[in-house]
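A look at the structure
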Amino acid sequence: MSTAYSLSNDLLNELAPHGIWRMSRAVEGVVRDSIGNLPRGSVSNDERRYPTTGEGMRAFLNAFFARHFVQVQHTLLASVAPPDLLSLAATGQISIADVGSGPSVAAIAVIDLVAHIRRILLERSHSVEKRPLAVSIVLNDPSRICLDTGEQIVIGYCRALSGQVKVLRITKVSEAFPWALSRIRQGASGGCRYDFSCLSYVLYPLLEQFSLGAIAEAARALAALCNLERGEP
Ligand SMILES: C[S@@+](CC[C@H](N)C(=O)[O-])C[C@H]1O[C@@H](n2cnc3c(N)ncnc32)[C@H](O)[C@@H]1O
């Protein structure tokens, strides 16, 4: 059995035991802490989907975080070839552009997936250096509460996995996409490209602002900032 094939089996057993996708304990804990620190209050459906207040963020985390998180992980496993995921995890560093990030849902899903793979590789004593996975992230969202909560969630997650994941940089871009593209381009570290760019659950709000053609063009420009050789969701 090839390493990549048996790795995806082990990974699936961890991420979706008995076929049920769920968040890892570290992610669950950090999301629970965030919910506990946010104010309660009734909010409209729009505010729950696109939070701009503490109350809205609390409602979003309760209603959508887990669902969107597992969908991103599921999509990544279904669309990125296992050998690409393996070699990416082995490099020990990843950079992510999360557009329409909300509270860093897709970015955390990617980091958590790669951290799982590194752990499995280490357990099998493959040639992976025992140093933390280094992550650089650009979060793009016009909502301040999304950017701030997203940053706290990433930092809290890295703290919870002490020593396994380390944040090199989090850049928060509050300009709306696609105007944010030039800031996102600058955020690609030292001329390197992103390993992953994500547009998770952001098509509907974008369609309220732009034509499908304009969004497709912007998505192509975003993809051009990615290191396609390493795999792009
Ligand atoms: C439904 S949430 C999805 C959040 C997250 N990506 C997820 O998968 O759960 C949509 C997010 O897109 C953001 N958004 C709306 N228009 C945007 C734009 N033009 N550029 C960037 N983000 C935008 C909203 O503020 C909101 O946080």
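Residues numbered from 1 in each chain as written. Predicted model: local features only at pLDDT ≥ 70, side-chain atom pairs only at ≥ 80, totals over all residues.

**Let's talk about the overall build of the protein chain**
As a reminder of what qualifies: By definition, any uninterrupted DSSP run of H or I lasting at least four residues is a helix, any uninterrupted run of E lasting at least two residues is a strand, and each is numbered from the N terminus. Burial is judged by counting other C-beta atoms within 10 Å of a residue's own C-beta: 20 or more means buried, 12 or fewer means exposed, and anything between counts as partly exposed, with every C-beta placed from the backbone.
Secondary structure assignment for the protein chain yields 10 helices and 4 strands. When the helices and strands of the protein chain are listed from N to C terminus, the series reads α-α-α-α-α-β-α-β-α-β-α-β-α-α. Dimensions along the principal axes, computed over C-alpha positions, put the protein chain at roughly 50 × 40 × 30 Å. Within the protein chain, the proportion of its 233 residues that are buried is 39%.

**Examining the sheet that holds strand E3 (residues 165–173)**
As a reminder, the rule being used: Here, a strand pair is defined by DSSP locating no fewer than two bridges between the strands. Interaxial angles span 0 to 180 degrees and are taken between N-to-C directions of axes, which are lines fitted to C-alpha atoms, for helices over the stretch in contact.
The parallel open sheet is built from 4 strands, whose spatial order is E3-E2-E1-E4. At either end of the open sheet lies a strand with only one pairing partner, and these are E3 and strand E4 (196–199). The sheet shows a mean angle of 15 degrees between the axes of neighbouring strands, taken without regard to direction. Two strands pair when backbone bridges link them, and strand E1 (residues 93–99) and E4 are joined in this way by 4 bridges, in the parallel orientation. Across the sheet, Val99 pairs through a bridge with Leu199, a residue of E4.

**A look at the site of the ligand**
Put simply, the rule reads: Near, as applied to residues and a molecule or strand, means the residue's backbone-placed C-beta atom lies within 6 Å of it. The classification used treats Ala, Val, Leu, Ile, Met, Phe, Trp, Tyr, Cys and Pro as nonpolar, Asp, Glu, Lys and Arg as charged, and all other residues, Gly among them, as polar.
Close to the ligand lie 23 residues; Gly100, Gly102, Ala176, Phe177 and Ser200 are nearest. Only helix H4 (54–79), helix H6 (105–123) and helix H9 (203–209) provide two or more residues apiece to the shell around the ligand. A total of 3 residues in the shell around the ligand trace back to one element, the largest contributor, which is H9. In terms of residue class, the shell around the ligand is built from 13 nonpolar, 8 polar and 2 charged.

**So, the pairing of E1**
Of all 7 residues that make up E1, 6 are buried, and the element is covered over most of its length. Strand direction decides the pairing type here: E1 and strand E2 (residues 133–140), joined by 7 bridges, are parallel. Following the sheet pairing, Gln93 is matched in E2 by Ala134.

**Structural notes on the confidence of the model for the protein chain**
The cut-off we apply is this: Think of pLDDT as the predictor's per-residue confidence, scored from 0 to 100. The contact criterion used here is simple: two residues whose C-beta atoms, placed from the backbone, lie within 7 Å are in contact.
Scored by pLDDT, the protein chain comes out at a mean of 91, with 93% of its residues at no less than 70. For residues 229–233, every residue scores under 50 in pLDDT, and the model assigns this stretch 18 contacts once sequence neighbours within four places are set aside.

**Comments concerning the environment of Val167**
Tracing the chain through its elements places Val167 in strand E3. Of the residues examined, Val167 has 17 C-beta atoms within 10 Å and is grouped as partly exposed. Non-local contacts of Val167, meaning those with residues more than four positions away in its chain, are made with Val135, Val154, Ile155 and Cys158.

**Some thoughts on the environment of Leu113**
By the secondary structure assignment, Leu113 is in helix H6. The buried category is assigned to Leu113, around which 24 C-beta atoms lie within 10 Å. Taking C-alpha positions, Leu113 is 6.8 Å from Gln73, a pair spaced 40 residues apart along the chain. Filtering out sequence-adjacent residues up to four positions away, Leu113 remains in contact with Gln73 and Leu76.

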